[in-house]
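# Breakdown of the fold
Spelled out from the first residue to the last, the chains are:
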Amino acid sequence: MSSAVHTAGVSVHGVAIRAAIVDLDGTMVDTLGDFHATLNRMLPEFELPEVTREQVEVRIGKGSEYLVAQNLRIFLSDAQADAVYPQAIERYQHHYAEVNGKHSNAFPGIAEGLQRLADAGLVLACITNKPTHYARELLRIKGLLHFFVAVNGGDAFPRKKPDPMPLIETCRQIGIAPVHTLMVGDSQNDALAAGGAGCPVVLATYGYNHGEPIRATPAAAYFDRLDQLPLQLPA
């Protein structure tokens, strides 16, 4: 067990935490409505039926490219979906620029939880698989952007979560080692990225996890509201 002084007042298994990297979709903001609305603008342009919220929810978490490709495959063969995809992703991004933030809301306790972490001395960064400019705009719309010293989207690095690269590179940006950086997410993707990077992870119980129970994914803690997350997690 580490004997580090907990100068920030936050620790996980006895190790001082000095920063938190927070996921966006499903962790801070319920963006299912934005994704649902965007897909249902795009799909009819290809003479495809609209999708339900339930169909969209289980496909969230791996970026817009994955979301579009998997929703095309609901109605098309793999070969057909691959042929349509280049046009579909372009139209999806076009519509998302208009929809971003209009059908979404921050989850209860998010602003208060971020303020609590900041007040405890943590440096805060955001990592998401959505494009960086959409992420920054969504955070601005929801009044959360000012909490973060860095916002890195799926286009910021060559690889996305669940690859650990975004966490490793963001830790390098903010100058804090992964072992002292808490990953706050809502899915197995976040946990896998954190594990690969060497970050402890805590997971929201209310987010998007491809329809799987989040407590089946190992984590230091699970939280129903970010503002109720304990600041000291025992070994």
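Quick caveat, the model's predicted, so the values are computed rather than measured.

When its secondary structure is counted, the chain shows 8 helices and 11 strands. For 235 residues, the compact-globule estimate of 2.2 N^0.38 gives 18 Å, and the C-alpha radius of gyration of the chain, at 18 Å, lies within 12% of that figure. Sorting the 235 residues of the chain into buried and exposed places 53% on the buried side. The long-range share in the chain, meaning contacts at least 24 apart out of those at least 6 apart in sequence, stands at 64%. Just so you have it, the chain exposes about 10,000 Å², and 52% of that area is on carbon and sulfur atoms.

Here we take up the sheet that holds strand β6 (residues 123-127). One open sheet accounts for 6 strands, arranged β7-β6-β3-β8-β9-β10; its pairing is parallel. Every other strand in the sheet has two partners, leaving β7 (150-152) and β10 (221-223) as the edge strands with one partner each. Each strand of the sheet is rotated relative to its neighbour by a mean of 20°, with strand direction disregarded. Summarising the sheet, strand β9 (residues 201-204) and β10 pair through 3 bridges and their orientation is parallel. Its bridge partner lying in β10, L203 is registered against Y222. Where helix α7 (residues 165-174) meets the sheet, it contacts β3 (19-22), β6, β7 and β8 (181-185), and its direction lies at approximately 145° from that of β6.

Turning next to the nonpolar core. Ranked by internal contacts, the top residues of the largest apolar core, which has 54 residues, are M28, L72, Y92, L114 and F148. For this core, the element with the most residues is helix α4 (residues 78-99), which contributes 6 residues. Apart from the residues within four sequence positions on either side, F148 is in contact with V22, M28, L114, L124, A125, C126 and L139. Ranked by size, the runner-up nonpolar core spans 18 residues in total, among them A19, A193, C199 and V201.

It is worth spelling out the packing of aromatic side chains at this point. For the coordinates displayed, the defined rule picks out 5 aromatic pairs. Residues Y92 and Y96 carry aromatic rings whose centres are separated by 6.0 Å and whose planes lie at 20° to one another, so their mutual orientation is stacked. Here Y92 pairs with Y96, and both are found in helix α4, just 4 residues apart, close to one helical turn. Here the aromatic cluster, defined as three or more aromatic residues joined through ring pairs, consists of F35, Y92, Y96 and Y134.

Tracing the chain through its elements places D186 in the loop between β8 and α8 (188-197). In this structure D186 is buried but unpaired, with K161 as the nearest side chain of opposite charge at 6.3 Å. A distance of 3.1 Å separates polar atoms of two side chains, one belonging to D186 and the other to T27.

Structurally, L203 can be placed in strand β9. As for L203 and L226, which are separated by 23 residues in sequence, their C-alpha atoms are 9.5 Å apart.

For the pair helix α3 (residues 64-72) and α4, the least separation of the axes is 9 Å and the interaxial angle reads 130°. Considering their axes alone, α3 and α4 lie oblique with respect to each other. In the packing of α3 onto α4, the handedness of the crossing is right-handed. Contacts between α3 and α4 involve S64, E65, L67, V68, A69 and L72 from the former and A81, V84, Y85, A88, I89, Y92 and Q93 from the latter. A breakdown of the residues in the contact of α3 with α4 according to their chemical character gives 10 nonpolar, 2 polar and 1 charged.

The rules we used
- Residues numbered from 1 in each chain as written.
- Predicted model: local features only at pLDDT ≥ 70, side-chain atom pairs only at ≥ 80, totals over all residues.
- Heavy atoms only, no water.
- Helix = DSSP H or I, 4+ residues; strand = E, 2+ residues; numbered from the N terminus.
- Rg over C-alpha atoms; globule rule 2.2 N^0.38 Å.
- Buried < 20%, exposed > 50% of the residue type's maximum accessible area, 1.4 Å probe, protein only.
- Contact = heavy atoms within 4.5 Å.
- Areas by Shrake-Rupley, 256 points an atom, 1.4 Å probe, with all protein chains shown as cover.
- Pairing = 2+ DSSP bridges.
- Axes fitted to C-alpha atoms, helices over the stretch in contact; angles between N-to-C directions.
- Core = buried A, V, L, I, M, F, W, Y, C linked by side-chain atoms within 4.5 Å.
- Phe/Tyr/Trp six-rings, centres within 6.5 Å; stacked < 30°, edge-to-face > 60°.
- Lys, Arg positive; Asp, Glu negative; His and termini not counted.
- Salt bridge = Lys/Arg side-chain N within 4 Å of Asp/Glu carboxyl O.
- Polar contact = N/O pair within 3.5 Å; in protein donor to acceptor, adjacent residues only side chain to side chain.
- Parallel < 35°, antiparallel > 145°, perpendicular 65-115°, else oblique.
- Left-handed = near helix turned anticlockwise from the far one by under 90°.
- Nonpolar A, V, L, I, M, F, W, Y, C, P; charged D, E, K, R; others polar.

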